[in-house]
Amino acid sequence: MALPACAARALRPPLQPERGAPARTTCPRRHSRVEAELAASRPGSVAASVRAGPPRGVSRGFNSQPLLDEPLKASSSLAGAAHAPLFALLPRGRRRRMHDLRRRWDLGSLCRALLTRGLAALGHSLKHVLGAVFSKIFGPLASVGNMDEKSNKLLLALVMLFLFAVIVLQYVCPGTECQLLRLQAFSSPMPDPYRSEDESSARFVPRYNFSRGDLLRKVDFDIKGDDLIVFLHIQKTGGTTFGRHLVRNIQLEQPCECRVGQKKCTCHRPGKRETWLFSRFSTGWSCGLHADWTELTSCVPAVVDGKRDARLRPSRNFHYITILRDPVSRYLSEWRHVQRGATWKASLHVCDGRPPTSEELPSCYTGDDWSGCPLKEFMDCPYNLANNRQVRMLSDLTLVGCYNLSVMPEKQRNKVLLESAKSNLKHMAFFGLTEFQRKTQYLFEKTFNMNFISPFTQYNTTRASSVEINEEIQKRIEGLNFLDMELYTYAKDLFLQRYQFMRQKEHQEARRKRQEQRKFLKGRFLQTHFQSQSQGQSQNPSQNPSQNPNLNANQNVTQNLIQNLTQSLSQNLSQNSSQKENGESQKQNPGQEQSDSNTSNGTNDYIGSVEKWR
């Protein structure tokens, strides 16, 4: 039986190793690795210096401790062998993994050492630069003590003082209230909260001509009196969100009481047990589910004052408000709502004192609801009330015979309904658009002089926006709602013109106040100047004016100033009077007459005061 080569060589007498060299105790395949380990264990060798540890300044981490070359006693069969390290006796795979780990650690420690030393050098350079700067600025302090220590302390003190000043400024002057301390260089310009919310062009070009009375919608709403706000809620127009704003998000002397778990809130007038709001969240569906214009105008007075005698009923002002939406989005939203099981069967549709018959208003489905219906089936029903719903709910149905389609031709009926809806919408106290939430909030606040607590939020992602339709289906939906499309175009134009008019009026009012403030400050300056001169003359009555050239110069300057002011104000007065005479023949901006009259009155008062002081 032949022995392996390694075993045969191991049984032979050991060869005499060279001086200082270890004896061979393993196979030739492992001998080179063993010699490398033993060479690394010798002091002063290159391998020992590499394995000594990580570079200077870097702490030892995981597996950073070098392996101890603890010698093992050779067995009796290996009598002449030198002491072998423990690392050489490990399996080959284990040693390879440990070599890879050690090599990765050496690279990572080198990178960390370079980064640490680089940052230390940068900090040292910065310290010297700051020390030089402070030595130039605070020269006298350089001779007292150590300059580096003093500069560090001074720099720390300045940084702490700056941070303290910033914190105090935030407490004393939060937000944009402090106009004098606002830093324009470090603050970005405030965006307009009423920018185009539908991502359209900021410049609006009107299509319809409206009078000043149509644009100026400012209601003298007295919440302590007998006036009433009536909210006409059209399905799927965002009316639920707006209705919650009215009862939960409006600043009132006596806010509405809303209890948890109840939809309706108690909105009483201050000091009275009477409501000022007629809506879903205050009085409920008192006139039927989603009552339209025809139902509300005949139902609300009877519901509010039904228990009182006709002679004792107060003369109320009913201010109707509503919200409109893009017809295509509203139609798709209603279809998705019907898919989920909505029917609105509780709607009364009362017109001319009676509800419609089944022949006048057939149903589109036979079961309990229309849940799960596809869009094509929803569009194919000719009796679907979703078609032109906004025009039907805003018009006076008594003008076309209610729901009886045989009273007049269809074309004439559509024309009458559209004109009635436009007229009622224009004469409403207020209406808003779902696509313009912030502008809706602004116009409501300016119309009723009531402010909301928190701003409205524009939701561009809705259930209708998640429905993907092609161009053909969109054209068909627009054709089914052609009256709503024309009404929405009209309403959007009127809405944006009202918004621009109110903004221009607000800017004109602010400009007029600034002009009055400047006039007042000029008058105060002239008054104090005249008083100081009169006091100086009274103190020195015997002094000859010719002997005091400074006094003569001051008097001349004062007289010239008075003449210039009087001439400029007289010119302004003549211009204002000519504008007033030509106001009827020339088309002026809305609100210009009031501003001109106020300016002329202020000019007359100011001229009189100047003459008096003179």
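Here's what I pulled together on the structure shown here.

Cut-offs used in this document
Residues numbered from 1 in each chain as written. Predicted model: local features only at pLDDT ≥ 70, side-chain atom pairs only at ≥ 80, totals over all residues. Heavy atoms only, no water. Buried < 20%, exposed > 50% of the residue type's maximum accessible area, 1.4 Å probe, protein only. Helix = DSSP H or I, 4+ residues; strand = E, 2+ residues; numbered from the N terminus. Pairing = 2+ DSSP bridges. Salt bridge = Lys/Arg side-chain N within 4 Å of Asp/Glu carboxyl O. Contact = heavy atoms within 4.5 Å. Disulfide = S-S within 2.5 Å.

### So, the pairing of strand S4 (residues 430-433)
Residues Phe430 and Gly432 line one face of S4 and the alternating positions Phe431 and Leu433 line the opposite face, and both faces are buried. In the sheet, strand S3 (residues 318-324) pairs with S4 via 4 bridges, with the strands oriented parallel. Residue isoleucine 323 lies in a different strand from S4, and its bridge partner there is glycine 432.

### As for the pattern of salt bridges
Under the definition given, this model contains 13 salt bridges. Here glutamate 360 ties to arginine 354 by a salt bridge, and the two come within 3.1 Å at their closest N and O atoms. Residue classification places glutamate 360 among the buried residues on the basis of a relative accessible area of 19%. Note on arginine 354: relative accessible area 38%, which makes it partly exposed. For the salt bridge of arginine 512 with glutamate 516, the shortest nitrogen-to-oxygen distance reads 2.6 Å. Here the residue arginine 512 and the residue glutamate 516 both occupy positions in helix H15 (residues 482-539), the gap between them amounting to 4 residues, near one helical turn. Among the residues examined, arginine 512 registers a relative accessible area of 18% and is labelled buried.

### Comments concerning the side chain of glutamine 390
Take glutamine 390: it is sitting in helix H11 (residues 389-394). Since its relative accessible area comes to 2%, glutamine 390 is described here as buried. Setting aside residues no more than four positions away along its own chain, glutamine 390 makes contact with Ile234, Thr237, Leu324, Arg325, Pro327, Arg330, Asp484 and Leu487.

### Quick word on the state of the cysteines
With the rule as written, the count across this model stands at 5 disulfides. Through a disulfide, cysteine 258 is tied to cysteine 265; the S-S separation comes to 2.1 Å. Across the disulfide from cysteine 258 to cysteine 265, rotation about the S-S bond amounts to roughly 115 degrees, and the bridge is consequently right-handed. The side chain of cysteine 364 participates in a disulfide bridge whose partner is cysteine 381; the two sulfur atoms lie 1.8 Å from each other. Measuring handedness by torsion sign, the sulfur bridge of cysteine 364 and cysteine 381 sits at about -80 degrees and is left-handed. Of this pair, cysteine 364 sits in the loop between helix H9 (327-339) and helix H10 (375-380) while cysteine 381 sits in the loop between H10 and H11, and the two are 17 residues apart along the sequence. Looking at cysteine 364, the relative accessible area reads 21%, which means it is partly exposed. When the bonded cysteines of the protein are numbered from the N-terminus onward, they pair as 1-4, 2-3, 5-6, 7-10, 8-9. Free of any disulfide, cysteine 373 has its nearest neighbouring cysteine sulfur in cysteine 364, separated by 9.2 Å. Using a relative accessible area of 2% as the deciding quantity, one classes cysteine 373 as buried.

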